[in-house]
Amino acid sequence: MRPYLLLTPGPLTTTDTVKEAMMSDWCTWDEDYNIGIVEVIRKELVELASSRPEEYTAVLMQGSGSFCVEATLGSVIKADDHLLVAANGAYGKRMGVIADYYHLNCHVMRFEETQPVDPKQIDEYLTCHPETTHVSVVHCETTTGVLNPLADIAAVVKKHGKTLIVDAMSSFGGVPVDMAALGIDFMISSANKCIQGVPGFGFIIARRSLLEGCKGVARSLSLDLYDQWQTMESGHGKWRFTSPTHVVRAFMQALKELKAEGGVEARHVRYAENHRTLVEGMRSLGYKTLLPDEEQSPVITSFYYPSADFNFKDFYTKLKAKGFVIYPGKISQADTFRIGNIGDVHPADFKRLIEAIREIRL
Ligand SMILES: *Cc1c(COP(=O)(O)O)cnc(C)c1O
């Protein structure tokens, strides 16, 4: 079932038991599926995300993570609202692109890709621009691996009384976040990241009182978050259109395995240990990380090319033959490649990876 390990930030390496959970067929309109699977997942997601689950609700949405970001921005932000996007990488920028497609009033505050989003600059912007209604930010910028200071950003946004939308795609389930404690209003993630499911849908955890006010805002039928939510609430787990049933069943298994591992805290410890094993090993081979340690998430790590004549394609192919698939870099300022630390991968796998790299580079 595993020709190679995916050291990529989703789709990622899943357990055999998650893959095996896809071996039955489910009826999208039957209560075995709606109540027995979808409703269980919605409840567990809210409990994972918030210490006050009664204030929040979860909506599952077909498609990849970007569909869910688009569904959220397009269904929550009204024509006379103003959105501030803080962007320090490709995923932050993508929120700005979505805002353009929907003709939202939007300002994109840009930061260097190697710099975390600065809460002070958000504070200054909100002081000068009281017309702002919503702020959106990426938690872990998968472009580089920067972990943005979410608690400090949330404190500033809440001080100004604005709605906070967080793309926690690559961190939810792997880095502890309490929406209620931080005051986050909408948080978005997908099946194939730190929960360790397979790709096919994403989800939005929303403050119930705010989502209730979003009827008729959406400009897209398929991506109407409010309508999807209404159907799931009133239909007890029904989706409006065909749902990825096998993928959803696999996700329930993945949630069970997250619990068995000890929850988000325990998973965070494992990912941090993966990351530490990787970075220590790579540094011992002479590689340098793009980011200083204090900005770095445990999710994905960017490394500089070791020399000007480094051939990434050749390196990639040789590593793949040894059982490891890695990721190219995604920034323009420097030649880098990335190695993901998330999925059903463990410190022993990273020790083997370092050995494989040592052999290739001899
Ligand atoms: C993976 C990811 C997304 C969504 O990407 P898709 O390719 O649409 O699944 C969005 N934001 C971040 C930070 C991500 O890591």
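As recorded in an unreviewed UniProt entry, the protein goes by the name 2-aminoethylphosphonate--pyruvate transaminase, listed as coming from Xylanibacter rarus. As its UniProt record puts it under Catalytic activity (unreviewed entry), the protein is described as follows: "(2-aminoethyl)phosphonate + pyruvate = phosphonoacetaldehyde + L-alanine". According to UniProt, the comment filed for the protein under the heading Cofactor (unreviewed entry) is "pyridoxal 5'-phosphate".

**Student:** Explain the site of the ligand to me, please; I cannot follow it from the model alone.
**Tutor:** Every residue lining the ligand is accounted for by S64, G65, S66, Y91, R94, V138, C140, T142, D167, M169, S170 and K193. Taking G65, its main chain carries an N or O atom lying 3.1 Å from an oxygen atom of the ligand. In this structure, S66 approaches the ligand through a side-chain N or O atom, which is 2.6 Å from an oxygen atom. Taking 390 Å² as the accessible area of the ligand by itself, protein coverage stands at 85%. Among the elements of the structure, α3 (65-76) and α4 (90-101) are those that each provide at least two residues to the shell around the ligand. Classifying every residue of the shell around the ligand gives four nonpolar, five polar and three charged.

**Student:** Explain the domain arrangement of the protein to me, please; I cannot follow it from the model alone.
**Tutor:** One widely used convention gives an interface's size as the accessible area the parts lose upon coming together. Each assigned domain of the protein is listed with its residue range as follows: domain 1 (5-10 + 262-361) and domain 2 (16-259). Placing a centre on the C-alpha atoms of domain 1 and another on those of domain 2 gives a separation of 27 Å. Listed per partner, the contact involves 27 residues of domain 1 and 29 residues of domain 2. Looking at the side of domain 1 facing domain 2, the largest losses of area belong to V264, R267 and E295, adding up to 27% of the total buried there. Connecting domain 1 to domain 2 are zero salt bridges. Counting across the domain 1 and domain 2 interface gives 16 residue pairs in polar contact (both at pLDDT 80 or more). Listing elements by their share of the side of domain 1 that touches domain 2, those giving two or more residues are α11 (263-284) and β11 (300-304). The element best represented in the side of domain 1 that touches domain 2 is α11, accounting for seven residues. Class assignment for the residues of the side of domain 1 that touches domain 2 results in ten nonpolar, ten polar and seven charged.

Criteria and cut-off values
- Residues numbered from 1 in each chain as written.
- Predicted model: local features only at pLDDT ≥ 70, side-chain atom pairs only at ≥ 80, totals over all residues.
- Heavy atoms only, no water.
- UniProt positions renumbered as here; feature names shortened; annotations may be inferred.
- Near = heavy atom within 4 Å.
- Polar contact = N/O pair within 3.5 Å; in protein donor to acceptor, adjacent residues only side chain to side chain.
- Areas by Shrake-Rupley, 256 points an atom, 1.4 Å probe, with all protein chains shown as cover.
- Helix = DSSP H or I, 4+ residues; strand = E, 2+ residues; numbered from the N terminus.
- Nonpolar A, V, L, I, M, F, W, Y, C, P; charged D, E, K, R; others polar.
- Domains from an automatic or database assignment.
- Contact = heavy atoms within 4.5 Å.
- Buried area = accessible area lost by both parts, 1.4 Å probe.
- Salt bridge = Lys/Arg side-chain N within 4 Å of Asp/Glu carboxyl O.

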